[in-house]
Amino acid sequence: ILAVVALWMAVESLERLFHPQPIRFNEAILVAVLGLAVNLVCAAVLHRSPYEDRHGPDHHHDHRDHNMRSAYLHVLADALTSVLAIFALTGGKIWRWVWMDPIMGVAGAVIISHWAYGLLRDTGKILLDREVDRRTADHIRRIIEGDADNRITDLHLWKVGSNKVSAIISLVTHYPRPPEHYKALLDVVPGLVHITVEVIHCDSDPCLPLRADSR
């Protein structure tokens, strides 16, 4: 949506730059000021919501962080548009610089496009499971494989919030323990939540799975 807004702003601004239209400055400035006030209130609410519980024991809000950020950027884009409009309309009213309105529209379109690109890039990382730091995976492997003779055969990590990571772990061992044992080992990994562990018992070398115990 941000990209569409930026494109629409650019097209409309360029058209008005080459084909100026009469502007009712007083009414336009009033509407822009009211729009800015509403967007600032919305931005304050959205900025507080995803972060207020981040460091608390309850992490049920974290999975919404990315969606909240999208909404937050959308509101900021509207607020930026209002600020640029107020600046351009004031200049046009005082100095009759009618070209300022479309120029500010183009500038706003460029800034919003940059925000949209960053949001699409972050979304792509999440969808492709590229967001998780490789060091987190290595940390998990060192902990699990440092206990008894465990070997991780499959490890899948994905972000469920700005600072939260979920994991599915499959491991083989000659000395199986309950899944809760391995989850407890991972308590030292920051931000690791919603852990699923599959424990495969083997009695040969190399390991050949005989049974699986997962929760």
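Residues numbered from 1 in each chain as written. Predicted model: local features only at pLDDT ≥ 70, side-chain atom pairs only at ≥ 80, totals over all residues. Heavy atoms only, no water.

J.: Explain the packing of aromatic side chains residue by residue, including any values.
T.: Summed over all chains, the structure comprises two aromatic pairs. Measuring from centroid to centroid gives 5.8 Å for W97 and W99, while their planes differ by 25 degrees, and the two rings are stacked. Ring pairing ties together the aromatic residues W95, W97 and W99, which thus form one cluster. (Phe/Tyr/Trp six-rings, centres within 6.5 Å; stacked < 30°, edge-to-face > 60°.)

J.: Can you lay out the pairing of strand β3 (residues 192-202) for me, pointing to particular residues and giving the numbers?
T.: Of the pairings in the sheet, the one linking strand β2 (residues 164-173) to β3 comprises nine bridges and is parallel in character. Paired with A167 across the bridge in β3 is I195. Crossover handedness for the path β2 to helix α6 (residues 179-185) to β3: right-handed. (Pairing = 2+ DSSP bridges. Helix = DSSP H or I, 4+ residues; strand = E, 2+ residues; numbered from the N terminus. Right-handed = clockwise from strand over helix to strand, strands pointing away.)

J.: Give me a nonpolar patch on the surface: which residues, what numbers.
T.: Side chains of I94, W95, W97, W99 and I103 sit close together on the surface and give an oily, nonpolar patch of about 550 Å² of accessible area. Assignment of secondary structure puts W99 in the loop between α3 (65-95) and α4 (100-127). Its relative accessible area of 46% is what places W99 among the partly exposed residues. (Patch = residues over 30% accessible without salt bridge, like charges linked within 9 Å, V, L, I, M, F, W, Y side chains within 5 Å. Areas by Shrake-Rupley, 256 points an atom, 1.4 Å probe, with all protein chains shown as cover. Salt bridge = Lys/Arg side-chain N within 4 Å of Asp/Glu carboxyl O. Buried < 20%, exposed > 50% of the residue type's maximum accessible area, 1.4 Å probe, protein only.)

J.: An account of helix α5 (residues 134-145) is needed here, citing residue identities and associated values.
T.: Residues that lie three or four places apart on an α-helix share one face, since the helix turns once every 3.6 residues. With twelve residues, α5 extends 16 Å between its outermost C-alpha atoms, agreeing within 8% with the 16 Å of an ideal straight helix rising 1.5 Å per residue. Looking only at α5, the buried set comprises A137, I140, I143 and I144. Viewed end-on, α5 has its buried residues packed into an arc of 130 degrees, placing them on one side of the element. Residues R134, R135 and R142 are exposed on α5 and point more than 90 degrees away from its buried face. On the buried face of α5, the contacting elements are β1 (151-161), β2, α6 and β3. (Expected span 1.5 Å × (residues − 1). Arc of directions from axis to C-beta. Contact = heavy atoms within 4.5 Å.)

J.: Describe the pattern of salt bridges, listing the residues and the values that go with them.
T.: Pairs can form between side chains of opposite charge once their charged atoms are near each other. Inspection of the entire model under this criterion finds two salt bridges. Residue R24 pairs with E27 through a salt bridge whose shortest N-O separation is 3.1 Å. Residue classification places R24 among the exposed residues on the basis of a relative accessible area of 63%.

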